[in-house]
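# Understanding the architecture of this molecule
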Amino acid sequence: MSEPCTPARTTDFEVLPGTMGRQTFHDAALHLARTRGADLFLSGPGFEDAHRSLVALEPVDELLLQDPALLDRSCPGNSPANFRAGDQDSWNRDVAQRIKDFCFNTPGPALGWLGYELGMRLRGVPVTKPCELPLGVLRKYACLVEHDARTGRVRCMALPSCRALVAVREALARNVAQHPGLRPGLKSDLKPGQEPNASLDRQAYTDAVRTVLGYIRGGHTYQLNLSLAMQTRVQGLDPLTWFGQLLYHYPAPFYVWFPMGEQRIISTSPERFLQVRQGHVLAQPIKGTLRVAPGRPAQVAALQNSPKEDAELSMIVDLLRNDISTHCRYGSVRVERHKHVFQVDDLLQMASDVRGRLRPGSDCLDLLLGALPGGSVTGCPKRRSMRIIDELEPHARGVYCGAFVYVQGPGDLESSIGIRTAVHNARTETLRFWAGSGIVAASDPEAEYLETLAKAGKFLAGAHDHLA
Amino acid sequence: MPVGRITLFDNNDSFTRNLEHLLAASTGARVRIEPYAALRRARDAGGAPWRDLLDADLLVISPGPGAPDEYPAYAALSECGCPVLGICLGMQIINEFCGGSTVRLHPCVHGRAEAIRFQGGVQRVARYHSLGVDRLGRGLRVTLRTEHGVVMALEHEERPWLGYQFHPESFLTGNGGFWIRHALERLHV
């Protein structure tokens, strides 16, 4: 785990002349996604310390975490009968090494996602449900364009093999018609589908919450994140236009557009998972949600003073302190801006900053893989909470509750938690999405069900009422 | 006296690394983390693996999910003579070494800081527990309670065993190092 990584041959970014606004860059980004199949990591306006947007074109290499060699080789999560002490550590080391080789041994940053079920395997929790997607995907690109909304500057990295440079230059030179996705009031060609199919209906979800409350009273978990999955037909939906519409109407700091064949992954997450900059680690767990009533002032104090929300966040802060401590120096881990509040969609969210310094011998991927899945989407203690989640949720989580990652080097990483995330399937014309809420001892099952629906609101509204 | 080596037994908890950092920072000791499964295996193997595992100046039992009866291998620690500090579940385990029992709390308390009077001052400590001490084990003395009487700390009259129900390693606890130093003093480590 702590073998030194072969240093990557660095590929330099070139700063392009001039500056451009965030929305102009996002127009160009959507254009390049449409015409060149680009992958997008975009930060919406209005969120401090999330100001980077990325366009990645022409994948030159891809790491698909699903090949039999990786998963069959004595994966402890899959063969508990054959489990021997040390198997788990050795499997985790193998997976980490593959990901490190991919990220660090060739030039350029890597982009992609690591799913919740990869986290289950890393934590030694058996995976029992079939997933439509692989456990994770990372890509390297011939061309990567990065916009910094603080300065308006654009940087570009291109391998000599890159064929898209002209198209990129044209797109950035604003020779792009305004993308229809990024303007208000446009009708999409979406036809409303049927009511979504939920993996747990109201009765089943509230029953599951009651079961969780029993586990909490028995001391098996202090807090547990319970989700449901929804699937709906979206005949005629142009997912890229819809993605642009979501970004315009529901800005959030961590938007991702990541096509994979007939599947298009769309993430609109408000939550940073882990950031590492030159060895400085920042985790920003979110817990505590309050819906903003239309036309009423935001109830920031009500959220901060709620004992239930306070306890939920504090628990996850302690959990994140724990998870980064594994690879941080003694004495470096601290909590800052505890209980700061921000608004995303029509929800107030409460968050904290947990900071530390990577310890010598550990890199950002040791940290990331050691902390996956993020504590705010599992519960605490993590491993037993994940077993209970697996028992109560009939669906696989897949990309939901995994992490979207941008790996720049051993000491530099950005990542978000894969919540408020959907997968569009172009062949079946269906949209699959998930939503969940944190259950604690003081939870009311009906209220948790409504909070879960509120979080799915932008997809429900977005895919049916809002655009149609 | 400086503490050289601490072995911290991890019950698959999500606060163990916080405890490791606190122990290392407040004692300067080298902290070795061993999962509960390793303790169970070494106990079954006996001999050198068992002696090696217990070769430390202090043994610490981490918090964790569930109740003491899920962790029967810890009973073997009561025969080793080494000082033992138990946190949360760890304290309940010490209580059950001594024949005590554990009960569900009403209501359970998770992620709350509570001000507690101790040695003439007031200390803020973090509570995360669904279970608590019911019947106190033989030879144990309660040294700290909440105002509602819930046991927050206990120690053995003769053996070097001490437990905290609250979490000194939580960021909600005002001065975690104080509680570690206090334990070392009481345990003569």
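Residues numbered from 1 in each chain as written. Chains lettered and ligands numbered in written order. Predicted model: local features only at pLDDT ≥ 70, side-chain atom pairs only at ≥ 80, totals over all residues. Heavy atoms only, no water.

Another aspect to go through is the overall build of chain B. The helix and strand inventory of chain B stands at 5 helices and 9 strands. Moving toward the C terminus, one meets the helices and strands of chain B in the order β-α-β-α-α-β-β-α-β-β-β-β-β-α. For 189 residues, the compact-globule estimate of 2.2 N^0.38 gives 16 Å, and chain B sits close to it at 15 Å. Sequence separation of 24 or more characterises 66% of the internal contacts of chain B that already satisfy a separation of 6 or more. (Helix = DSSP H or I, 4+ residues; strand = E, 2+ residues; numbered from the N terminus. Rg over C-alpha atoms; globule rule 2.2 N^0.38 Å. Contact = heavy atoms within 4.5 Å.)

The helix and strand inventory of chain A stands at 12 helices and 20 strands. Counting over 468 residues, chain A shows a buried share of 60%. Restricting the contact set of chain A to residue pairs at least 6 apart, pairs at least 24 apart contribute 76%. For chain A, the exposed surface amounts to about 17400 Å²; the carbon and sulfur share of it is 50%. (Buried < 20%, exposed > 50% of the residue type's maximum accessible area, 1.4 Å probe, protein only. Areas by Shrake-Rupley, 256 points an atom, 1.4 Å probe, with all protein chains shown as cover.)

Each partner contributes to the interface: chain A provides 34 residues, whereas chain B provides 28 residues. In total, about 2600 Å² of surface goes out of reach between chain A and chain B, with carbon and sulfur atoms giving 54% of it. Connecting chain A to chain B are 1 salt bridge. Mapped by element, the contributors of at least two residues to the side of chain A that touches chain B are α6 (202-217), α9 (307-325), β14 (334-344) and α11 (382-392) of chain A. (Buried area = accessible area lost by both parts, 1.4 Å probe. Salt bridge = Lys/Arg side-chain N within 4 Å of Asp/Glu carboxyl O.)

All names here are of chain A. Scanning the model with the defined rule gives 38 salt bridges over all chains in all. Between Lys129 and Asp390 there is a salt bridge whose closest N-O contact spans 3.0 Å. Residue Lys129 is found in the loop between α4 (116-122) and β5 (136-148), and its partner Asp390 is found in helix α11; the two are separated by 261 residues along the sequence. Overall, Lys129 belongs to the buried group, its relative accessible area being 19%. One network of salt bridges, in which partners are shared, links Glu48, Asp49, Arg272, Arg334, Glu336, Arg337, Asp353, Arg355 and Glu414.

So, on to helix α3 (residues 87-104) of chain A. Over its 18 residues, α3(A) runs 25 Å from end to end, which matches the ideal 26 Å to within 8%, given 1.5 Å per residue. Buried residues of α3(A): Asp87(A), Gln88(A), Trp91(A), Asn92(A), Val95(A), Ala96(A), Ile99(A), Lys100(A), Phe102(A), Cys103(A) and Phe104(A), and no others. (Expected span 1.5 Å × (residues − 1).)

Turning to empty space enclosed by the protein, a few remarks are in order. Residues and elements named next belong to chain A. For the structure on display, the rule yields 4 cavities of 30 Å³ or more. What the largest cavity holds in volume is close to 230 Å³. In this structure, the largest cavity is lined by 22 residues; those nearest its centre are Lys287, Ile419, Arg420, Gly436 and Lys455. Of all the secondary structure elements, the ones that give two or more residues to the lining of the largest cavity are β13 (286-291), α9, β20 (430-440) and α12 (445-465). Class assignment of the residues belonging to the lining of the largest cavity gives a composition of 7 nonpolar, 7 polar and 8 charged. (1 Å grid on protein atoms, 1.4 Å probe; cavity = no way out; pocket = protein on both sides within 12 Å on 5 of 7 lines; lining within 4 Å. Points joined across faces, edges and corners; volume = space filled by probe spheres on them. Nonpolar A, V, L, I, M, F, W, Y, C, P; charged D, E, K, R; others polar.)

Residues and elements named next belong to chain B. Read across the sheet, 7 strands follow the order β2-β1-β3-β4-β9-β8-β7 without closing on themselves; strand pairing throughout is mixed. On the outer flanks of this sheet lie β2 (30-35) and β7 (140-145), each paired with one strand and no other. This sheet shows a mean twist of 20° between the axes of neighbouring strands, independent of strand direction. By the bridge criterion, 4 bridges tie strand β1 (residues 5-10) to strand β3 (residues 58-61) in an arrangement that is parallel. Along β3, the bridge assignment pairs Leu8 with Val60. (Pairing = 2+ DSSP bridges. Axes fitted to C-alpha atoms, helices over the stretch in contact; angles between N-to-C directions.)

On to the nonpolar core. One recurring pattern in soluble globular proteins is that nonpolar side chains are buried together. Formed by 150 residues in total, the largest nonpolar core has its most connected members in Leu40(A), Ile99(A) and Val145(A). Not counting the four nearest positions on each side in its chain, Val145(A) is found in contact with Phe25(A), Ser53(A), Leu54(A), Val55(A), Leu57(A), Val154(A), Arg155(A), Cys156(A), Val168(A) and Leu172(A). (Core = buried A, V, L, I, M, F, W, Y, C linked by side-chain atoms within 4.5 Å.)

This part takes up the packing of helix α1 (residues 22-36) of chain A against helix α5 (residues 165-172) of chain A. Residues and elements named next belong to chain A. Where α1 contacts α5, the axes come no closer than 9 Å and their chain directions differ by 145°. Considering how the two elements wind past one another, α1 and α5 form a crossing that is right-handed. Contact residues: Phe25, Ala28, His31, Leu32 and Arg36 in α1; Ala167, Val168, Ala171 and Leu172 in α5. When its residues are assigned to classes, the contact of α1 with α5 shows 7 nonpolar, 1 polar and 1 charged. (Left-handed = near helix turned anticlockwise from the far one by under 90°.)

Below, the discussion takes up the environment of Met20(A). As for its position among the elements, Met20(A) is in the loop between β1 (14-15) and α1. When the C-alpha positions of Met20(A) and Ser269(A) are compared, they lie 24 Å apart, and in sequence the two are 249 residues distant.

Parts of the model with low pLDDT should not have their predicted coordinates read in detail. With 99% of its residues at a pLDDT of 70 or more, chain B shows a mean pLDDT of 95. ipTM for the predicted complex: 0.96, alongside a pTM of 0.92. (pLDDT = per-residue confidence, 0-100.)

Residues and elements named next belong to chain B. All chains considered together, the criterion is met by 20 aromatic pairs over all chains. Both rings, one in Tyr36 and one in Tyr74, keep their centres 5.1 Å apart while their planes meet at 40°; by these two values the pair is tilted. Taken together, the positions of Tyr36 in helix α2 (residues 36-45) and Tyr74 in the loop between β3 and β4 (84-87) put the pair 38 residues apart, joining distant regions of the chain. Taken as a pair, Tyr36 and Tyr74 share a single burial class, namely buried. Seen from their ring centres, Phe166 and Trp179 are 4.8 Å apart, and the 65° between their planes marks the pair as edge-to-face. (Phe/Tyr/Trp six-rings, centres within 6.5 Å; stacked < 30°, edge-to-face > 60°.)

With that settled, consider the pairing of strand β17 (residues 403-409) of chain A. Residues and elements named next belong to chain A. Judged by how many residues are buried, β17 sits mostly within the fold: 6 of 7 residues are covered. Note: strand β4 (residues 110-114) against β17, 5 bridges, orientation antiparallel. Counterpart to Trp113 in the pairing with β17 is Phe404. Sheet topology note: the β17/strand β18 (residues 412-417) ladder contains 6 bridges and is antiparallel. Each bridged residue has a counterpart across the sheet, and for Val405 the counterpart in β18 is Ser415. The hairpin turn running from β17 into β18, its antiparallel successor, is 2 residues long.

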